[in-house]
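Geometric and topological summary
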Amino acid sequence: MQNNQAKSTEQVSKQVKTGTTKLVFTVIAMFGFGFALVPLYDVFCDITGLNGKTATEATTYKADHIDKSRLITVQFISRTAQGAAWQFKPEMNSIQVHPGEMKFVKFYAKNESGQHAIGQAIPSVSPGIAANYFQKIECFCFNQQPLKASEDVWMPLQFYVDPELPEDINELTLSYTLFDVTASKDS
Amino acid sequence: MTTATDTIADVHDHGDDHHDHKMTGIKRWILTTNHKDIGTLYLWFSFIMLLTGGAMAMVIRAELFQPGLQIVEPDFFNQMTTVHGLIMVFGAIMPAFTGLANWMLPMMIGAPDMALPRLNNWSFWILPFAFGILLSSLFMEGGGPNFGWTFYAPLSTTYSNGSTAFFVFAVHIMGISSIMGAINIVVTIMNLRAPGMTYMKMPLFVWTFFITAYLLIAVMPVLAGTVTMVLTDTYFGTSFFDAAGGGDPVMFQHIFWFFGHPEVYIMILPAFGIVSTTIPAFTRKKLFGYSSMVYATSSIAFLSFIVWAHHMFTTGMPLAGELFFMYCTMLIAVPTGVKVFNWVATMWQGSMTFETPMLFSIAFVILFTIGGFSGLMLAMTPVDFQYHDTYFVVAHFHYVLVTGSLFSIYAAAYYWLPKWTGNMYSEKLGKFHFWCSLISVNILFFPMHFLGLAGMPRRIPDYALQFADFNKWVSIGGFLFGLSQLIFLYVVIKCIKSGEKAPAKPWDGAEGLEWTVPSPAPYHTFSTPPKVD
Ligand code: HEM
Ligand SMILES: [Cu+2]
């Protein structure tokens, strides 16, 4: 613990300047850290699946068995985001699956905005922890969906639930929000 | 050439701050680099902001006096809660502490001024512009910010009423001001202590500001980053917090509270420093457990970085996360308990007198502890599901911030008024201010606990009939508390104008270098450093 016994003004002045410089760099580093939290958060959630986000790319079927002893209810929820004038609904509200069993479900979409539009569906699984066990072989959410005015389409989803799904989960909800991304695509 | 980073040596060598001449009139205040002038500016500014934010609280309480919508539109009500919060946090409490730091730190460590006097001038003078921008947005088409002081996305992005840009720029400026102030405090304490004053000999007041300044340097840039992301999400098509573009609104809360929780300690650690100064003075004893106080303050500062998600228990975190944040939060109660214990132990068998600063300090210890207890209740994950976003939370943070931070600031103001003005305030009026505040503040905030437990949500302009009685009391308490603060204004003006002359050391038990200089403190003190042993 030093004290400034008999330090000259020049010395003090110099120390103040180096101290200030260090602190300014700390400030810049912490500003950067704030932004670094964004990718860190994504990586963290990707590994742990904590925020209910599912993979954004298709996987292949990897389960080694079908667990007939368990029956999982998968609920489907669909909604449109503010400003998306689309009809959007699943063909059924829920489905029962054995872990490891492949299922195929269709979602209906119709563009009711009166003009050409591009839609993008964003999935979310709850409870969040189940997201990493919900495997999609094929999903309309991997791509954007352009539709002409009044055009409609049945969109595919093919999935299975990983047999490793924690024991205490026997119901999970897959919710899709459909966004109108025409504006950001056109510009 | 002069620049903002001129150090104290440059400023004094170049003679633009000469001993026997200070500029006169308005120029003195605009161009000043004197720590006492700047401290005074900060203190007056924060008091004006206290009254401004207080006026908004009066609008809120008037609307909530009865159920139903009577006085203001819901949207305007939301603007009032938002701007009230922002002004009190960034305009009243934080600048008041910076003002105290400016006035007292150099005198307490035996330094002639802050280390970066010109930067100091800038730190203060950009503040009025920040609040000018924020307040002006209230009068614009679409109105001011209405998304809460926590500006959660997407309320502040997708659903913004157009005030986001003004809000963001105002927060940027406030942030820059705090960061500059904090840098100044750190380099001053590190380099300008009088010979012989080792770190462990510094008054605790100095320690708490030292640690707070580090907290500010660590988290204000994160706040700046957050508002920048909100800005680009709103106006430039990025999607940090927008699910449509691959972002995540919950991430907003993580980043915000990573700043937000240390921020609440930024507003309480200096208060700890103040009462650790005043209680020994009026007890005529040394502070009990000085070094444990230093370590407790440091561990609180450290822990404050790993508890942020206790504000987010209901966002659907996994169990492991909830438990982690619950236990870490509860851990903070340990060093906090050490502090409360030390204050009480200091008073134990002391020869106490009850001048106004002491009254505010004792009230601080008791009422801050109540706020700490409600904090502990909120820290329990399972019950927070019931309490979250109700008036119970409002009661909690007003106990720690009003009867905690604000009361400590009053204690400090009464304690050092004689040193600042050279005159004694009227003890009778000071006590009147204290008792009016103490009674009304409890009528104001205590029933909020019950309202919260009964389920009244916060930030809503209307409520169910069964909450009517308590709300009436709360509003009455609010009006009384608001009025009581005008007494303080009167006390201060009277003290400046016609108070009795104060001696250099008006308090029997007061210790510290600031009492070795005359009252009022001369414009320049400790041009040659005192010797500390
Ligand atoms: C014993 C220490 C403390 C504990 C355990 C604690 C705990 C908590 C918890 C769990 C919440 C979240 C409640 C909810 O939203 O459901 C909360 C909110 C809050 N606390 Fe504390 N707290 C403590 C001390 C403090 C102090 C010292 C301050 C400031 C001086 C403070 C200011 C706040 C504020 C402003 C909020 C509300 C933020 C908002 O949502 O607007 N707390 N506290
Ligand atoms: Cu907190």
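All of these numbers come straight from a predicted model, not from anything done at the bench.

**A few points about the overall build of chain B**
- In terms of helices and strands, chain B carries 17 helices and zero strands.
- Against the compact-globule benchmark of 24 Å for 533 residues, chain B has a radius of gyration of 23 Å, which places it among compact chains.
- Summarising its shape, the C-alpha atoms of chain B cover approximately 60 × 55 × 45 Å along the three principal directions.
- Each of the 533 residues in chain B was classed as buried or not, and the buried ones make up 54%.
- Long-range contacts, defined here as pairs at least 24 residues apart, represent 84% of the contacts in chain B between residues at least 6 apart.

**Some remarks on the overall build of chain A**
- Of the regular secondary structure elements, chain A holds two helices and nine strands.
- Ordered by position in the sequence, the α and β elements of chain A form the string α-β-β-β-β-β-β-β-β-β-α.
- For chain A, whose C-alpha radius of gyration is 26 Å, the value lies well above the compact-globule estimate of 16 Å for 187 residues.
- Dimensions of chain A, computed from C-alpha atoms along their principal axes, come out at roughly 85 × 50 × 25 Å.

**A look at the interface of chain A and chain B**
- On the side of chain B, 37 residues touch chain A, which itself brings 35 residues to the contact.
- For the side of chain A that touches chain B, the secondary structure elements donating two or more residues are helix H1 (9-48), strand E5 (117-126) and strand E9 (171-180) of chain A.
- Sorting elements by how many residues they give to the side of chain A that touches chain B places H1 of chain A first, with 19 residues.
- The residue inventory of the side of chain A that touches chain B, partitioned by class, reads 18 nonpolar, 16 polar and one charged.

**Let's talk about the sheet that holds strand E8 (residues 152-161) of chain A**
All names here are of chain A.
- Overall, antiparallel pairing links the four strands, which are arranged E2-E4-E8-E6 in an open sheet. At either margin of the open sheet sits one strand with a lone partner, and together these are strand E2 (86-90) and strand E6 (134-139). Averaged over all adjacent pairs, the angle separating strand axes in this sheet is 25°, with direction ignored.
- As paired strands, E6 and E8 are joined by five bridges and run antiparallel to one another.

**Here we look at the nonpolar core**
- Core analysis: the largest hydrophobic core is formed by 174 residues, its most contacted members being Ile93, Ile109, Val206, Phe364 and Ala411 of chain B.
- The residues touching isoleucine 109 of chain B, leaving out its near neighbours within four places in the chain, are Ile189, Leu192, Arg193, Ala194, Met197, Met202 and Val206 of chain B.
- Among the nonpolar cores identified, the runner-up in size contains 31 residues, and Trp86, Phe88, Ile129 and Leu157 of chain A belong to it.

**Notes on the environment of lysine 89 of chain A**
- Here lysine 89 of chain A is to be found in strand E2.
- Apart from residues lying up to four places away in sequence, lysine 89 of chain A is in contact with Ser78, Phe107 and Tyr108 of chain A.

**Considering helix H7 (residues 164-191) of chain B**
- Over its 28 residues, H7 of chain B extends 40 Å from the first C-alpha to the last, a length consistent with the 40 Å expected when each residue adds 1.5 Å.
- Within H7 of chain B, 22 of the 28 residues are buried, leaving the element largely enclosed by the surrounding structure.

**Some words on the confidence of the model for chain B**
Residue and element names in this part refer to chain B.
- Residues with a pLDDT of 70 or more make up 97% of chain B, whose mean pLDDT is 93.
- This stretch, residues 14-20, has a pLDDT under 50; its non-local contacts, to residues over four places away or in other chains, come to six contacts.
- At the level of chain-chain contacts, confidence expressed as ipTM amounts to 0.87, with global pTM at 0.89.

**A closer look at the site of ligand 1**
All names here are of chain B.
- Surveying the vicinity of ligand 1 reveals 25 residues, the closest of which are Val264, Gly375, Leu378, His388 and Phe397.
- Among the secondary structure elements, those contributing two or more residues to the shell around ligand 1 are helix H12 (319-347), helix H13 (356-379), helix H14 (381-387) and helix H15 (391-421).
- No other element matches H15, which puts seven residues into the shell around ligand 1.
- Here the shell around ligand 1 is composed, by residue class, of 13 nonpolar, 11 polar and one charged.

**As for the sheet that holds strand E7 (residues 145-147) of chain A**
Residues and elements named next belong to chain A.
- The strand order across the open sheet formed by five strands is E3-E1-E9-E5-E7, and the pairing between neighbours is mixed. Strands with a single pairing partner mark the edges of an open sheet, and in this sheet they are strand E3 (94-97) and E7. Looking at each pair of strands side by side, their axes are set apart by 25° on average, direction ignored.
- Of the strand pairs in this sheet, E5 and E7 are connected by three bridges, and their pairing is antiparallel. Within E7, the residue paired with isoleucine 118 across the bridge is proline 146.

**Some thoughts on helix H5 (residues 117-125) of chain B**
- For H5 of chain B, the buried fraction is high: seven of the nine residues fall into the buried class.
- Considered for burial, the residues of H5 of chain B that qualify are Pro117, Arg118, Leu119, Asn120, Asn121, Ser123 and Phe124 of chain B.

**Overview of the packing of helix H11 (residues 290-303) of chain B against H12 of chain B**
Residues and elements named next belong to chain B.
- With their axes 9 Å apart at the nearest point, H11 and H12 run at an angle of 160° to one another. In terms of orientation, H11 and H12 fall into the roughly antiparallel class. Crossing geometry of H11 relative to H12 is assigned as left-handed. Across from Ser292, Met293, Ala296, Ser299, Ile300 and Leu303 in H11, the residues of H12 making contact are Cys328, Leu331, Ile332, Pro335, Thr336, Val338, Lys339 and Asn342.
- Taken together, the residues that form the contact of H11 with H12 break down as nine nonpolar, four polar and one charged.

**Here's the deal with unusual backbone geometry**
Residues and elements named next belong to chain B.
- The residue after alanine 153, namely proline 154, is reached through a cis peptide bond having omega 5°.
- Relative to the elements of secondary structure, proline 154 occurs in the loop between helix H6 (127-136) and H7.
- Omega for the bond connecting serine 519 with proline 520 falls within 30 degrees of zero, at -10°, which places this linkage in the cis form.
- Inspection of the secondary structure assignment puts proline 520 in the segment after helix H17 (468-498).

**Section: the pairing of E9 of chain A**
All names here are of chain A.
- Among the 10 residues that make up E9, seven are buried, leaving the element largely enclosed by the rest of the structure.
- Bridge count for strand E1 (residues 72-80) against E9 is eight bridges, and the pairing is parallel. Bridging across to E9, glutamine 75 finds its partner in threonine 173.
- Where E5 lies against E9, eight bridges are found, and the strand directions are antiparallel. Across the sheet, alanine 121 pairs through a bridge with leucine 178, a residue of E9.

**Re the environment of proline 203 of chain B**
Residue and element names in this part refer to chain B.
- Relative to the helices and strands, proline 203 is located in the loop between H7 and helix H8 (204-235).
- Separated by 52 residues in the primary sequence, proline 203 and isoleucine 255 have C-alpha atoms spaced 34 Å apart.
- When sequence neighbours within four positions are dropped, the list of residues in contact with proline 203 reads Met108, Thr277 and Gly512.

**Quick notes on the packing of H6 of chain B against H7 of chain B**
All names here are of chain B.
- Taken N-terminus to C-terminus, the directions of H6 and H7 make an angle of 160°; their axes are 8 Å apart at the nearest point. Comparing their axes, H7 and H6 come out roughly antiparallel. Read as a crossing pair, H6 and H7 show a hand that is left-handed. Across from Leu127, Phe129, Ala130, Ile133 and Leu134 in H6, the residues of H7 making contact are Phe166, Phe167, Phe169, Ala170, Ile173, Met174 and Ser177.
- Of the residues assigned to the contact of H6 with H7, the class counts are 11 nonpolar, one polar and no charged.

**Concerning the environment of threonine 525 of chain B**
Residue and element names in this part refer to chain B.
- Among the structural elements, threonine 525 can be located in the segment after H17.
- Taking C-alpha positions, threonine 525 is 55 Å from glutamine 70, a pair spaced 455 residues apart along the chain.
- Those residues within four positions of threonine 525 in sequence are excluded, and the remaining contacts are Met107, Pro112 and Val517.

Calculation rules
- Residues numbered from 1 in each chain as written.
- Chains lettered and ligands numbered in written order.
- Predicted model: local features only at pLDDT ≥ 70, side-chain atom pairs only at ≥ 80, totals over all residues.
- Helix = DSSP H or I, 4+ residues; strand = E, 2+ residues; numbered from the N terminus.
- Rg over C-alpha atoms; globule rule 2.2 N^0.38 Å.
- Buried ≥ 20, exposed ≤ 12 C-beta atoms within 10 Å, placed from the backbone.
- Contact = placed C-beta atoms within 7 Å.
- Nonpolar A, V, L, I, M, F, W, Y, C, P; charged D, E, K, R; others polar.
- Pairing = 2+ DSSP bridges.
- Axes fitted to C-alpha atoms, helices over the stretch in contact; angles between N-to-C directions.
- Core = buried A, V, L, I, M, F, W, Y, C linked by C-beta atoms within 7 Å.
- Expected span 1.5 Å × (residues − 1).
- pLDDT = per-residue confidence, 0-100.
- Near = placed C-beta within 6 Å.
- Parallel < 35°, antiparallel > 145°, perpendicular 65-115°, else oblique.
- Left-handed = near helix turned anticlockwise from the far one by under 90°.

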